[in-house]
Amino acid sequence: MAATSILWFRRDLRMQDNAALEWACENSSAVIPVYIYSADEEQPWAPGAASRWWLHHSLLSLQSRLAGRRLKLYYFSGSSEAVIEKIIAETGANRLVYNRVYERQLYERDLRLEKNLKNSIDIVAFDSGLLFSPGTVLNSQQLPYRVFTPFYNKLRPQLSELHAYQSAETNDDALKALENKPVSSARSLQSLQLLDEHGWHEKLGLHWRPGEDEAHRLLDVFLEEAVQHYATQRDIPSLEGTSRLSPYLHFGEITPQQVCLAVWPLLEGEQGASASRSAEVFVKQLIWREFAHNVLWHFPETATLPMDRRYRKDFWRSDIDDFNTWTKGETGVPIIDAGMKQLWETGWMHNRVRMIVSSFLTKNLGINWLHGARWFWDTLVDADLANNSLGWQWVAGCGVDAAPYYRVFNPNTQTRRFDSELRYVEKWLPEHAQLDYPSPMVDLGVSREDALHRYKQHIRV
Ligand SMILES: Cc1cc2nc3c(=O)[nH]c(=O)nc-3n(C[C@H](O)[C@H](O)[C@H](O)COP(=O)(O)OP(=O)(O)OC[C@H]3O[C@@H](n4cnc5c(N)ncnc54)[C@H](O)[C@@H]3O)c2cc1C
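It should be emphasised that the depicted structure is a prediction, and the values quoted were computed from it without experimental measurement. (Residues numbered from 1 in each chain as written. Predicted model: local features only at pLDDT ≥ 70, side-chain atom pairs only at ≥ 80, totals over all residues. Heavy atoms only, no water.)

(A) The arrangement of the overall build of the protein in detail. Each helix and strand counted, the protein has 19 helices and five strands in total. Here the protein has a C-alpha radius of gyration of 23 Å; the compact-globule value for 461 residues is 23 Å, and the two agree. Over its C-alpha atoms, taken along the principal directions, the protein stretches across nearly 75 × 50 × 50 Å. Out of the 461 residues belonging to the protein, those deemed buried represent 57%. For the protein, the proportion of contacts with a sequence separation of at least 24, taken over those separated by at least 6, is 82%. As displayed, the protein has an accessible area near 20200 Å², and 48% of this comes from carbon and sulfur atoms. (Helix = DSSP H or I, 4+ residues; strand = E, 2+ residues; numbered from the N terminus. Rg over C-alpha atoms; globule rule 2.2 N^0.38 Å. Buried < 20%, exposed > 50% of the residue type's maximum accessible area, 1.4 Å probe, protein only. Contact = heavy atoms within 4.5 Å. Areas by Shrake-Rupley, 256 points an atom, 1.4 Å probe, with all protein chains shown as cover.)

In structure tokens:
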């Protein structure tokens, strides 16, 4: 029987190194590429405004790449299972092929869907999006890692075994022979209404171009200009010292395998010892990403609850006025206000500044990390449940392998160390140069002492 495969795109919006795409094209006579927007299935973490903007443009980019290979991307919204049932009924498709997503809720949705549809369709699913599937990385007691360094030490030696699917040419041939099956129940991309009606997102296009081509261009630029100095420059927010690949990795426009393989020659010393050390530091960040996804996989509650149970009750404040002042970048602390403006203008913030602004919110202001995580969720183009939860809980001191409670980032010291000439501050906060720039909303020294006292009292150290 001729196989008609539904190729279900999710967080794998790319053509290269895409196991599901490869497999579907090589093993089917017709392929129906689909994207189903099912925000309700992602609640309470349905994509935020910046993510939806990215998704819209990433789908456009994928659509045009698929069209170049004579395939049409079909859009749907609503219940994934109901949509797939409808496509089966309409087209007679007999296979569903996809790359897995490891957020528990979505993973379990997929398992339910597999169970319910197994009598009407064959299902073929592939690992994707991470270097190692979560659940496969366990310590010697077969338990999940809760501390990064041993996790890193376990994974790092295994990186040399990585590979990416690289059969783009065979793929082209396979694709040319494919039959195109129309699906009349599909909707338009516009009807998914991913773009916020307030138009906030319009400026994001000045800073980003979603899609696979751009992901590879940025990787090339990073390899050419920055990775060699990553160890020393990655903490300087005024420099283009990091890869900016985070949204592309989140949406699966590029894979961590492709990124690792690209830096491999540097790791091996091709450009000298210093470049090799820098590449090592960079790869470590990719392993932080793996760690974050492993933590979320094993402890899905980490997205909404402090991992350290002592912080689950009666600890955080929820002052809405202070929180709003922080979101608007009107705290009177220049590096924080600059960071919040960068986020608002570009949908991204430098990692060093993410740590400073989140420390200020959770420690100096004592506000619940979850409020900050939600704001980031709505405004970051790279909003990622695993990385965002880990980042916030790390800074707030309530996560796995978190910063100790007494580590309160001093924004002024951080500015002197990482933005001594105020290039970052002046870029995002030109008004800072004016004499009447407001003074900090809280005294940094007093609020630090208050935070230490609050943490100590609460955990009784
Ligand atoms: C409070 C807070 C919230 C954060 N929220 C997110 C988020 O929602 N999405 C997100 O992708 N990252 C998040 N991070 C991690 C980090 O800030 C970003 O991954 C990084 O700034 C992205 O820029 P880049 O791609 O240039 O990173 P690079 O320095 O070039 O690093 C390469 C890749 O490694 C991964 N990575 C780097 N640092 C980390 C880290 N600390 N934890 C996990 N993975 C990392 C990212 O995928 C990144 O693209 C957060 C950090 C903090 C402190």
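Now that the structure has been shown, the text picks up again.
(B) Representation of the nonpolar core in the model. Judged by nonpolar contacts, the single largest core of 129 residues is most densely connected at Phe9, Tyr35, Leu59, Leu159, Trp326 and Ile336. Leave out the neighbours within four places in its chain, and Leu159 touches Leu131, Phe132, Cys260, Trp264, Val283 and Ile287. If you look at the next biggest cluster of nonpolar residues, it comprises 19 residues, including Trp8, Phe76, Ile84 and Val183. (Core = buried A, V, L, I, M, F, W, Y, C linked by side-chain atoms within 4.5 Å.)

(C) Seen up close, the side chain of Glu103. Tracing the backbone through its elements, the reader meets Glu103 in the loop between strand 4 (95–99) and helix 4 (104–117). For Glu103, a relative accessible area of 11% translates into the label buried. A distance of 3.0 Å separates polar atoms of two side chains, one belonging to Glu103 and the other to Arg11. Ignoring any residue separated from it by four or fewer positions in sequence, one finds Glu103 in contact with Arg11, Leu296 and Leu385. (Polar contact = N/O pair within 3.5 Å; in protein donor to acceptor, adjacent residues only side chain to side chain.)

(D) Looking closely at the site of the ligand. Of all residues adjacent to the ligand, which total 26 residues, the nearest are Tyr230, Thr242, Ser243, Arg244 and Asn351. In the environment of the ligand, a nitrogen atom lies 2.8 Å from a nitrogen or oxygen atom belonging to the backbone of Asp382. Measuring from a nitrogen atom of the ligand, one finds a side-chain N or O atom of Asn388 at 3.1 Å. Relative to its unbound accessible surface of 820 Å², the ligand loses 94% to contact with the protein. Put simply, the parts of the chain that give the shell around the ligand at least two residues each are helix 9 (246–250), helix 11 (273–298), helix 14 (351–364) and helix 16 (385–396). In terms of residue count, the dominant contributor to the shell around the ligand is helix 11 (five residues). Looking at the shell around the ligand, its residues break down into twelve nonpolar, nine polar and five charged. Counting residues domain by domain, the shell around the ligand receives three or more from each of domain 2 (129–163 + 211–298) and domain 3 (309–459). (Near = heavy atom within 4 Å. Nonpolar A, V, L, I, M, F, W, Y, C, P; charged D, E, K, R; others polar. Domains from an automatic or database assignment.)

(E) Looking closely at the pattern of salt bridges. Applying the stated criterion across every chain, the model contains 23 salt bridges. A salt bridge links Glu280 to Arg156, with the shortest nitrogen-to-oxygen separation between them at 2.5 Å. Of this pair, Glu280 sits in helix 11 while Arg156 sits in the loop between helix 5 (148–155) and helix 6 (168–176), placing them 124 residues apart in sequence. Connected through salt bridges with shared partners, the residues Arg10, Glu41, Arg109 and Asp110 form a single ionic network. (Salt bridge = Lys/Arg side-chain N within 4 Å of Asp/Glu carboxyl O.)

(F) Focus on the pairing of strand 2 (residues 30–37). In terms of burial, strand 2 is largely enclosed, as eight of its eight residues are buried. Every second residue of strand 2 is oriented toward a common face, with Ala30, Ile32, Val34 and Ile36 on one face and Val31, Pro33, Tyr35 and Tyr37 on the other, all of them buried. Of the pairings in the sheet, the one linking strand 1 (residues 4–9) to strand 2 comprises six bridges and is parallel in character. From the neighbouring strand, Trp8 faces strand 2, where its bridge partner is Val34. Taking the sense of rotation as the criterion, the β-α-β connection linking strand 1, helix 1 (residues 19–26) and strand 2 turns out right-handed. Pairing analysis gives four bridges linking strand 2 to strand 3 (residues 74–77), with the strands arranged parallel. Directly across from Ile36, in strand 3, lies its bridge partner Phe76. In this region the chain leaves strand 2, passes through helix 2 (residues 49–67) and returns to the parallel neighbour strand 3; the handedness of that crossover is right-handed. (Pairing = 2+ DSSP bridges. Right-handed = clockwise from strand over helix to strand, strands pointing away.)

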